[in-house]
Amino acid sequence: MSIEVEVCIDNLESLHNAIKGGATRIELCSSLALGGLTPSYGIMKQAARISSIPVYAMIRPRQGDFLYDSDDIESMLEDIYIAKKAGVDGVVFGVLTSEGVIDEDTCIRLMSAASGVGTTFHRAIDHCSDYEQAIDAIKSLGCERVLTSGLKTTAYEGRDTIRSMRKLAGNKLSIMAGAGVSADNVAEIVSATGVNEVHLSGKSQRVSYMKNVASAHMGNADISDHIIPVTSSEKIAQVLNSLKSLN
């Protein structure tokens, strides 16, 4: 069984680590601690230039919910244009109404802007009021895939719903399981759901290489500026190794 392993990253060091570990696709973001926001043009362009595997850029203008106003939408349309200009292979987005329904009118505009590159509908679906209706709407949009945890905190917890989503999606939409995926549970998630794509960060940390350790904080004082979050190539490799048990 061939399983796509998408790794979400928010820095270029992690790009190299993800590829080394065996990732087959990258979701490129900024601010993974906030769930992933739109990366800068410079990072998108450099990632597209150096990556040996497809890179999909997150299009999410702010943290929080997925109910966006007209200014947010205009910025998302511009960011899709910039992402395509940077040379990425696809974009990742999701927009809802206040009732928790897929905002199809806005998504049609975003899909039109993304013409020529791949599209993933992200975990906004996990905030939907009716996932069956959401799957039908996303299929009609023509997205390649939807990333979901099955409306739960982790994909393992939501595996029954993910299995149901996969059946509803049929051959028109790929369902990618993500959130809390690790070497310890990936084989069981894939077996229980029947998905052929998984998504994870493989997060780890490293100590800064700075010799001078400053006492000033650049942001939240509870977050050290001398600890760098990065993807662990070992954790990605371990997930790939766990998936071999399914063959």
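For every chain, the first residue of the written sequence is number 1, and numbering continues from 1 along that sequence. Residue-level local features of this predicted model are given only where pLDDT is at least 70; pairs of side-chain atoms are given and counted only at 80 or more, and the full residue set underlies all totals for whole chains, interfaces and linings. In computing side-chain properties, one takes all heavy atoms of the structure into account and sets aside hydrogens as well as water.

**Regarding the environment of E27**
To keep things clear, this is the line we draw: For helices the rule is a DSSP run of H or I covering at least 4 residues; for strands it is a run of E covering at least 2, with both sets numbered from the N terminus onward. By definition, residues are in contact when any of their heavy atoms lie within 4.5 Å.
Within the secondary structure, E27 is located in strand β2 (residues 25–28). In this structure the C-alpha to C-alpha distance between E27 and G178, which are 151 residues apart in sequence, comes to 12 Å. Those residues in contact with E27, other than ones at most four positions away along the chain, are E6, V7, C8, I9, Y56, M58, V92, L147 and H199.

**Some details on the environment of H217**
Looking at the element boundaries, H217 is found in the loop between β9 (203–207) and β10 (227–231). Apart from the residues lying within four places of it in its own chain, the contact partners of H217 are I223 and D225.

**Topic: the nonpolar core**
To keep things clear, this is the line we draw: Nonpolar cores are built from buried Ala, Val, Leu, Ile, Met, Phe, Trp, Tyr and Cys residues. Side-chain atoms within 4.5 Å join them into one set. Accessible area is worked out with a 1.4 Å probe on protein chains only. A residue is then buried under 20% of its type maximum, exposed over 50%, and partly exposed in between.
Counting 62 residues, the largest nonpolar core has I26, F93, I102, F121, I125 and I175 as the members making the most contacts within it. Beyond its immediate stretch of four places on either side in the chain, I26 contacts E6, V7, I9, L15, A18, I53, P54, V55 and Y56.

**Some thoughts on the pattern of salt bridges**
For side chains of opposite charge, pairing can occur when their charged atoms come near one another. We apply this condition: Whenever a carboxyl oxygen of Asp or Glu lies within 4 Å of a side-chain nitrogen of Lys or Arg, that contact is scored as a salt bridge.
Going through the model one piece at a time under the given rule, you end up with 11 salt bridges. When the shortest N-O distance is used, the salt bridge between D160 and R163 registers 3.3 Å. Of this pair, D160 and R163 both sit in helix α6 (residues 159–169), separated by 3 residues, roughly a single helical turn. Residue classification places R163 among the partly exposed positions, given a relative accessible area of 29%. The network of salt bridges with shared partners includes E6, R25, E144, R145 and E197.

**Details of the packing of aromatic side chains**
Using the following cut-off: Only Phe, Tyr and Trp rings take part, Trp by its six-membered ring, and two of them pair if their centres are within 6.5 Å. Stacked means planes under 30 degrees apart, edge-to-face means over 60, and tilted covers everything else. Two conditions define a charge located above a ring, namely a distance within 6 Å from the ring centre to NZ of Lys or CZ of Arg, and an angle within 35 degrees of the ring normal.
Tallied over the entire structure, the rule returns 1 aromatic pair. Measuring from ring centre to ring centre gives 6.3 Å for F93 and F121, while their planes differ by 70°; the resulting arrangement is edge-to-face. Residue F93 is found in strand β4 (residues 90–93), and its partner F121 is found in strand β5 (residues 118–121); the two are separated by 28 residues along the sequence. Residue classification places F93 among the buried positions, given a relative accessible area of 0%. Its end group placed over the ring of Y56, R25 keeps NZ or CZ at 5.7 Å from the ring centre. Looking at R159, its charged tip hangs above the ring of Y156, at a distance of 3.9 Å from the centre.

**With respect to the packing of α6 against helix α7 (residues 186–193)**
Using the following cut-off: Comment: axis = line fitted to C-alpha atoms, over the contacting stretch for helices; angle = value between 0 and 180 degrees taken between N-to-C directions. Throughout this description, any angle smaller than 35 degrees is read as roughly parallel, any larger than 145 degrees as roughly antiparallel, any in the 65 to 115 degree range as roughly perpendicular, and the remainder as oblique. For a crossing to be left-handed, the near helix must be turned anticlockwise from the far one by less than a right angle; the clockwise case is right-handed. Three categories are distinguished: nonpolar for Ala, Val, Leu, Ile, Met, Phe, Trp, Tyr, Cys and Pro, charged for Asp, Glu, Lys and Arg, and polar for the others, with Gly belonging to the last.
Running from N to C, α6 and α7 point in directions that differ by 45°, and their axes come no closer than 8 Å. What the angle tells us is that α6 and α7 run oblique. The crossing of α6 and α7 is right-handed. Taken together, the residues of α7 that come into contact with α6 (itself represented by R159, I162, R163 and R166) are E188, A192 and T193. Its residues placed into classes, the contact of α6 with α7 shows 2 nonpolar, 1 polar and 4 charged.

**With respect to the layout of surface pockets**
Note the threshold: In the cavity and pocket records, a cavity denotes points on a 1 Å grid over the protein atoms alone where a 1.4 Å probe fits but cannot get out, a pocket denotes an open set with protein on both sides within 12 Å along at least 5 of 7 lines, and lining residues are residues with an atom within 4 Å of a point. Grid points are joined across faces, edges and corners, and a volume is the space filled by probe spheres set on the points.
Here the largest pocket defines a volume of roughly 1200 Å³. Along its surface, the largest pocket is lined by 40 residues, and D10, S31, L32, A33 and L34 are the ones closest to its centre. Among the elements that line the lining of the largest pocket, the one with the most residues is β10, at 5 residues. Of the residues contributing to the lining of the largest pocket, the split by class is 17 nonpolar, 17 polar and 6 charged.

**Description of the sheet that holds β2**
This is how it is decided: For two strands to be treated as a pair, DSSP must find no fewer than two bridges joining them.
Read once around its circumference, the closed barrel built from 8 strands follows the order β1-β2-β3-β4-β5-β6-β7-β8, with strand pairing classed as parallel. Pairwise comparison of adjacent strand axes, ignoring direction, gives a mean angle of 25° for this sheet. Both β2 and strand β3 (residues 55–58) contribute to a ladder of 3 bridges, which runs parallel. Its bridge partner being in β3, I26 is matched across the sheet by V55.

Spatial relationships are all this shows, so hold off on functional conclusions.
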